[in-house]
Amino acid sequence: MKALIPIFAFLQVTYGLNLRVDFRWHDKPIPVPTTNLVTPSGETFHLTRLDLLLNQPRLTLASGRTITSSKWHAYIHGESPDILRLPNLPDEPISQLTLFLGPSEDINHADPNLHPAGHPLNPLTNNLHWSPQQGYIFFATEGQLPDDELAFAYHYGNSENRLALNFEGPLNPNGFYQLTLHLDRLFPASFKITNQTSTHSRPDDPILPHFRKTLVKAFTLIPITGSDAAPENPANASANITGTPYGFKMPQHFPLPNLPTDYPLTNERITLGQKLFFDEALSITNSVSCAFCHIPSEAFSDPAIKPWGVQPAKTTKRHSMPLLNLAWKNTPFRWDGDEPSLRTQVLRPIEDPLEMGENLATLPAKLSKLPAYPDLFSQAFGDPEITSERLAVALEQYILSLTSFDSKFDRATKGTASLTEEEKLGFQLFMTENDPRLGLRGADCFHCHSGAFFTNHRFHNNGLPPRNNDLGLEHATKRETDRFRFSTPSLRNIEITAPYMHDGRFNSLKEVVEFYSSGIHRSPTLDPNIAKHPGNGLNLTNEEQAALVAFLKTLTDPRFQAQEGESTNSSFNQKSY
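Quantities reported herein were computed from a predicted structural model and do not represent experimental measurements.

### Describing the packing of helix α4 (residues 267-277) against helix α8 (residues 373-381)
To characterise two packed helices, one gives the angle between the axes of the helices and the distance between these axes.
In step 1: With their axes 8 Å apart at the nearest point, α4 and α8 run at an angle of 145° to one another. Considering only the axes of α4 and α8, their crossing is left-handed. Note on element contacts: α8 touches α4 through Tyr373, Leu376, Phe377, Gln379, Ala380 and Phe381, opposite Glu268, Arg269, Leu272, Lys275 and Leu276.
In step 2: Considered class by class, the residues forming the contact of α4 with α8 number seven nonpolar, one polar and three charged.

The following block contains the structure:
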């Protein structure tokens with residue numbers, strides 16, 4: 001039996017195999033999302049999602065040695081495929097490369113929250129973690145047929161379905177190769193989407209054998225000649241460390257956050273950010289603060305449908321989003337994804353003429369004349385200079401410190417509280433796939449409102465009838481395939497953040513659940529996990545709707561209700577979990 005040698009164990013000069021990922025339809029490169037793909041059976045569909053996990057490569061060298069790495073994992077996101085690198089290889093031709101679709105069983109069922117921020121297996125990175133029992137989804141593709149009446153969601157997973165993707169050499173251990181997923185091979189002439197719109201890879205799933213067979217044949221690996229070298233990773237910005245490091249606390253069931261490294265969190269910066277957040281001097285009229293539209297007792301949201309700022313006769317375009325647990329949000333900000341980061345977002349309301357209407361060019365001089373700020377900026381940054389960058393950093397750090405994880409549901413998961421039978425039914429419906437073929441009755445909520453934060457932080461068209469020509473994510477990306485897709489909010493504290501949706505159109509949770517049951521508006525970009533259900537929704541019974549509302553109320557953190565109107569930073573993050 002050949003010995004298995006860890007890839008990272010070699011001490012001699014090493015090389016790296018580079019794999020450039022792309023997706024093709026009948027040998028033509030395709031973007032994701034894309035439109036108008038036609039299958040051999042004559043069905044036309046729009047592709048909206050394509051994500052997969054490749055894991056733990058095994059290489060057989062020309063000498064017969066076999067090397068492997070149990071720690072190598074790659075998340076491939078269809079909208080931005082990357083160059084994968086297998087580092088630290090010996091200078092010896094590779095006769096066979098094996099990549100596994102899906103992690104090994106022990107990793108698949110381990111705690112996913114132990115993976116650091118940005119790791120391919122971190123749930124916030126990949127949005128592919130199914131559940132503690134089932135582990136990861138290894139491959140996910142979703143789309144919609146153009147009549148707006150049918151969609152598909154094919155999710156392939158479960159440890160027993162792990163696939164070995166074998167590529168024959170010889171391969172150059174320092175070479176460049178194109179790893180292609182030929183999506184058309186999953187849709188042969190014998191396969192009709194309209195006959196089988198979903199799979200979650202359960203043992204009795206009738207179309208599971210189809211994907212187990214076609215996925216292994218859908219990948220190819222060919223050399224790239226004359227390729228440029230892989231881009232180098234940018235050097236990390238030097239850290240600006242001034243003050244006392246902030247003791248960021250979180251419960252064990254939360255994944256690790258991706259906190260700033262250029263300006264590490266400090267107590268002094270958070271204190272400064274807190275004062276700025278509640279200071280009306282940031283507005284042109286000295287009458288509006290950030291907290292004006294993000295009220296602590298409303299989970300840092302606003303009870304107004306569309307809040308108003310320095311111009312009382314004019315409201316903002318959309319409802320105010322809550323500002324909790326944003327340390328774990330790595331996707332663009334605002335309802336329409338128009339800001340790339342929290343640090344850029346915090347400055348936006350200051351200059352918005354409908355919100356605070358101030359000028360960032362003159363605001364530093366204005367603040368420097370107020371007694372407290374020179375000392376606070378010195379403590380936070382080492383000198384009293386006030387700049388828009390420092391304003392942004394301080395506000396960002398205060399908001400990053402706002403966490404919520406002490407709801408009845410959290411206490412129930414720790415065994416210190418109990419859910420009622422109605423709340424348990426609501427949770428079961430929330431977490432269950434609605435699949436009449438298999439006799440499963442559920443509400444499918446977990447697809448978009450998943451994980452510890454009850455959101456995947458992605459953008460979805462959830463079927464709201466359009467209003468006011470608000471195009472959602474299309475406004476930021478200029479892509480028609482993003483029309484009516486809006487940021488998915490967390491459901492934590494949802495009971496106290498009414499009204500609901502980006503435009504505040506629903507006043508109660510009962511209305512929200514009724515909408516998903518019977519009010520869905522179909523359109524070409526409707527999320528496939530909603531569009532796959534016939535008609536206008538899930539057609540939930542009154543008992544099921546009431547149970548869902550009861551469960552959602554268990555996500556309320558009482559700390560926000562108990563300190564109405566107060567500055568809340570000092571009370572948060574102090575309890576150790």
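What follows continues from the structure just given.
### Quick notes on the packing of aromatic side chains
In step 1: Under the definition given, this model contains 36 aromatic pairs.
In step 2: Between the aromatic rings of Phe409 and Phe551, the centroid separation amounts to 5.6 Å while the plane-to-plane angle is 85°, which identifies the pairing as edge-to-face. Taken together, the positions of Phe409 in helix α10 (residues 408-413) and Phe551 in helix α15 (residues 542-553) put the pair 142 residues apart, joining distant regions of the chain. Both residues of the pair, Phe409 and Phe551, belong to the buried class.

### A closer look at the packing of helix α13 (residues 509-518) against α15
In step 1: For the pair α13 and α15, interaxial distance at closest approach is 9 Å and the crossing angle is 130°. Taken together, α13 and α15 sit at an angle that is classed as oblique. Every pair of crossing elements has a handedness; the one defined by α13 and α15 is right-handed. Residue-level inspection shows Leu509, Lys510, Val513, Glu514 and Ser517 of α13 in contact with α15, the latter providing Gln545, Leu548, Val549, Leu552 and Lys553.
In step 2: The class makeup of the residues in the contact of α13 with α15 is five nonpolar, two polar and three charged.

### Details of the environment of Asp51
In step 1: Turning to its location among the elements, Asp51 is positioned in strand β5 (residues 44-61).
In step 2: Taking relative accessible area as the criterion, Asp51 reaches 0% and is therefore assigned buried.
In step 3: Here the alpha-carbon distance between Asp51 and Ile83, two residues 32 residues apart in the chain, equals 15 Å.
In step 4: Here Arg49 takes part through its side chain, which lies 2.8 Å from a polar atom of the side chain of Asp51.

### Description of the nonpolar core
In step 1: Ranked by internal contacts, the top residues of the largest apolar core, which has 62 residues, are Leu19, Leu54, Leu97, Leu101 and Phe187.
In step 2: The contacts of Leu97, once residues within four sequence positions are left out, are Leu17, Leu19, Pro57, Arg58, Leu59, Leu86, Leu165, Asn166, Phe167, Leu171 and Leu221.
In step 3: In terms of nonpolar packing, the next biggest core, distinct from the first, is built from 53 residues, Phe277, Leu326, Ala327 and Leu395 among them.

### Side note on the pairing of strand β14 (residues 176-182)
In step 1: The buried count for β14 comes to seven of seven residues, which makes it a mostly enclosed element.
In step 2: Judged by which residues are buried, β14 turns out to be covered on both faces: Phe176, Gln178, Thr180 and His182 on one side and Tyr177, Leu179 and Leu181 on the other are all buried.

### Here's the deal with the side chain of Asp482
In step 1: Here Asp482 is to be found in the loop between α12 (474-477) and β18 (486-487).
In step 2: Since its relative accessible area comes to 0%, Asp482 is described here as buried.
In step 3: Polar side-chain contacts of Asp482 include one of 2.9 Å to the side chain of Arg479.
In step 4: Discounting residues that sit within four places of it in the chain, Asp482 has contacts with Leu471, Leu473, Glu474 and Thr477.

### Quick look at the confidence of the model for the protein chain
In step 1: Averaged over all residues, the pLDDT of the protein chain is 88; the fraction at 70 or higher stands at 91%.
In step 2: Across residues 1-14, confidence stays below pLDDT 50; counting only partners more than four residues off in sequence or on other chains, it has 31 contacts.
In step 3: The low-confidence segment residues 227-238 (pLDDT under 50) makes 11 contacts with residues lying over four places distant or belonging to another chain.

### Some points on the side chain of Thr554
In step 1: By secondary structure assignment, the location of Thr554 is in the loop between α15 and α16 (558-562).
In step 2: Sequence-distant contacts of Thr554, that is, excluding residues within four places in its chain, are made with Ser407, Lys408, Phe409, Leu419 and Glu423.

### Describing the pattern of salt bridges
In step 1: According to the stated counting rule, one finds 26 salt bridges in the structure shown.
In step 2: The salt bridge involving Glu339 is made with Arg348; its shortest N-O contact spans 2.7 Å.
In step 3: Overall, the relative accessible area of 25% leaves Arg348 in the partly exposed class.
In step 4: One connected set of salt bridges, linked through shared partners, spans Glu79, Arg479, Asp482 and Arg485.

### Let's talk about helix α9 (residues 388-400)
In step 1: Taking 1.5 Å of rise per residue, 13 residues should cover 18 Å, and α9 covers 18 Å from first to last C-alpha, within 8% of that figure.
In step 2: Extensive coverage of α9 is indicated by the burial of 11 of its 13 residues.
In step 3: Every buried residue belonging to α9 is among Arg390, Leu391, Ala392, Val393, Ala394, Leu395, Glu396, Gln397, Tyr398, Ile399 and Leu400, and all of these are buried.
In step 4: For α9, the elements touching its buried residues are α4, α5 (342-345), α6 (348-351), α7 (363-368) and α8.

### Side note on the environment of Pro87
In step 1: Here Pro87 lies in strand β8 (residues 83-89).
In step 2: Between the alpha carbons of Pro87 and Ser198 there is a distance of 37 Å; along the sequence they are 111 residues apart.

### Overview of unusual backbone geometry
In step 1: A cis amide bond links Val32 with the next residue in sequence, Pro33, at an omega value of 0°.
In step 2: Position of Pro33 relative to the elements: it lies in the loop between β3 (28-29) and β4 (34-38).
In step 3: Between Ala498 and Pro499 the backbone carries a cis peptide bond, its omega angle lying at 0°.
In step 4: Along the chain, Pro499 turns up in the loop between β18 and α13.
In step 5: At Asn469, a position not held by glycine, the phi torsion is positive, near 55°.
In step 6: Among the secondary structure elements, Asn469 is positioned in the loop between β17 (459-460) and α12.

The rules behind these values
Each chain has its residues counted from 1, following the order in which its sequence is written. Only residues with pLDDT of at least 70 get local features here, since the model is predicted, and only at 80 or more are side-chain atom pairs given and counted; chain-wide, interface and lining totals rely on the full set of residues. As a convention, hydrogens and water are excluded, and side-chain values are obtained from all of the structure's heavy atoms. Whenever a helix is involved, its axis is fitted only over the stretch in contact; in every case the axis is a line through C-alpha atoms, and angles between N-to-C directions fall within 0 to 180 degrees. By the criteria applied, helices consist of DSSP H or I runs no shorter than four residues and strands consist of E runs no shorter than two, each listed in order from the N terminus. Note on convention: the crossing is left-handed when the near helix lies turned anticlockwise from the far helix by less than a right angle, right-handed when the turn is clockwise. We call two residues in contact whenever any of their non-hydrogen atoms come within 4.5 Å of each other. Lys, Arg, Asp and Glu make up the charged group, whereas Ala, Val, Leu, Ile, Met, Phe, Trp, Tyr, Cys and Pro make up the nonpolar group; the residues left over, Gly among them, are polar. Stacked, tilted and edge-to-face pairs are distinguished by plane angle, under 30 degrees for stacked and over 60 for edge-to-face with tilted covering the rest, among Phe, Tyr and Trp rings (Trp via its six-membered ring) whose centres lie within 6.5 Å. For every residue, the accessible area obtained with a 1.4 Å probe (protein chains only) is divided by the maximum for its type, and the residue is called buried under 20%, exposed over 50%, and partly exposed between those limits. Geometric relationships in this document are graded by angle, where less than 35 degrees denotes roughly parallel, more than 145 denotes roughly antiparallel, 65 to 115 denotes roughly perpendicular, and other angles denote oblique. For the purposes of these results, a polar contact is taken to be a pair of N or O atoms within 3.5 Å, where, inside protein, one atom must be able to donate a hydrogen and its partner to accept one; residues adjacent in sequence count only when each atom of the pair is a side-chain atom. Put simply, buried Ala, Val, Leu, Ile, Met, Phe, Trp, Tyr and Cys residues joined by side-chain atoms within 4.5 Å make one nonpolar core. pLDDT measures how confident the predictor is about each residue, on a scale from 0 to 100. The term salt bridge refers to a pairing of a side-chain nitrogen on Lys or Arg with a carboxyl oxygen on Asp or Glu at a separation within 4 Å. Under the convention used throughout, the expected extent of a helix is 1.5 Å for every residue step, that is, one less than its residue count.

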